[in-house]
Amino acid sequence: MFPLLLLLLATAHGLDEMSYTPTLASPKLGGQTTASTFVLEQPRCVFKVQDSAVIWLVVAVPEAVPNFNNSVGPGTPERAFQGFPTNAPAYMTLNTTLLNYPCPKPPGEITVLRVGSETNCIKDEMRPTCNGPLPGPGPYRVKFLALEGSEPVAQTAWSEPITLRTARQPGSTPAMGSGHSAGMIALTSILSILFAILLAGLVAMLVFWGSDACGGSSTFSKPEAVTVRRYNTHHVYDQPPARL
Ligand SMILES: *[C@@H]1O[C@H](CO)[C@@H](O)[C@H](O)[C@H]1NC(C)=O
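A.B. asks: Would you explain the state of the cysteines in this entry?
C.D. replies: What is meant by a disulfide is a covalent connection between two cysteines, made through their sulfur atoms. As enumerated under the stated definition, the model contains two disulfides in all. Put simply, Cys-45 and Cys-103 are joined by a disulfide, and their sulfur atoms are 2.0 Å apart. Across the S-S bond linking Cys-45 and Cys-103, the dihedral sits near 110°, which makes this disulfide right-handed. One end of the pair, Cys-45, is in the loop between β2 (38–41) and β3 (54–60); the other, Cys-103, is in the loop between β4 (90–97) and β5 (112–115), and 58 residues separate them in sequence.

Next up, the structure:
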């Protein structure tokens, strides 16, 4: 009776907790997050389960983590990418057998997973396990879950909250752009000052050259006389209304 009870307990709690926390890949390996994707290290040498077990990645909103139900299987509406995060608090994707995470990993091999890289199944309800682009900056928490059949057999810890880039971060380019334009302004003002000096010199040279070469002063006085004459005639035309 007692051994049977123990056996029952063992099967009921047959979920192995792996002391592994999913982590973002280092930026060296192209691990930068984008507005809709992030890159995780593959869970190599983590699971001690049968080769037939399928390792899933669970992506969840942080609120779903404390009472997360592992028995809700992949592909159900509550775990569908298309319903995340409004109708599904988490989705399950990137399923692969343990054989695809060989251990030890060959040295130098890049062993990462890009979450959010599949765009052709975003709206395809027939593909609830779509590895589609994440719907916003998050934060999100992820874990790996191993299933044998539909039975959860092992899991990792939940990751730290992962926050993606927001649309504001490309806006940090304007800060760079303004620094760029400040340099441009300095250069432009230096150039325009130089140009002004050059222009002033040219004008001064022309004036000197003009006054030296021919009777420049007379040509200046002639238009003056014309304007005076014009002014006089204008004045004369003004007089008739004064006479009335
Ligand atoms: C992943 O899961 C889907 C849906 O359950 C299945 O069609 C597909 O064959 C699985 N892929 C792998 C590599 O296990």
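A.B. asks: How do you make sense of the side chain of Asn-131 when you look at a structure like this?
C.D. replies: Among the structural elements, Asn-131 can be located in the loop between β5 and β6 (141–148). Asn-131 gets classed as buried once you look at its relative accessible area, which sits at 4%. The contact partners of Asn-131, leaving out residues within four places of it in the chain, are Thr-93, Leu-94, Arg-114, Val-115, Gly-116, Ser-117, Glu-118 and Cys-121.

A.B. asks: I tried to follow the packing of aromatic side chains on my own but got confused; where do I start?
C.D. replies: The geometry of an aromatic ring pair is captured by the separation of the ring centres together with the interplanar angle, meaning the angle of the planes. Within the structure shown, the criterion is met by four aromatic pairs. Ring centres of Phe-68 and Trp-158 lie 5.2 Å apart, and the angle between their planes is 80°; this geometry places the pair in the edge-to-face category. Residue Phe-68 is found in the loop between β3 and β4, and its partner Trp-158 is found in the loop between β7 (151–155) and α2 (172–213); the two are separated by 90 residues along the sequence. One exposure class covers both Phe-68 and Trp-158, and it is buried. Ring geometry for Phe-84 versus Tyr-91: centroids 4.9 Å apart, planes at 65°, classification edge-to-face. The structure contains a cluster of three or more aromatic residues connected by ring pairs, namely Phe-81, Phe-84, Tyr-91 and Tyr-140.

About the cut-offs
- Residues numbered from 1 in each chain as written.
- Predicted model: local features only at pLDDT ≥ 70, side-chain atom pairs only at ≥ 80, totals over all residues.
- Heavy atoms only, no water.
- Disulfide = S-S within 2.5 Å.
- Helix = DSSP H or I, 4+ residues; strand = E, 2+ residues; numbered from the N terminus.
- Buried < 20%, exposed > 50% of the residue type's maximum accessible area, 1.4 Å probe, protein only.
- Contact = heavy atoms within 4.5 Å.
- Phe/Tyr/Trp six-rings, centres within 6.5 Å; stacked < 30°, edge-to-face > 60°.

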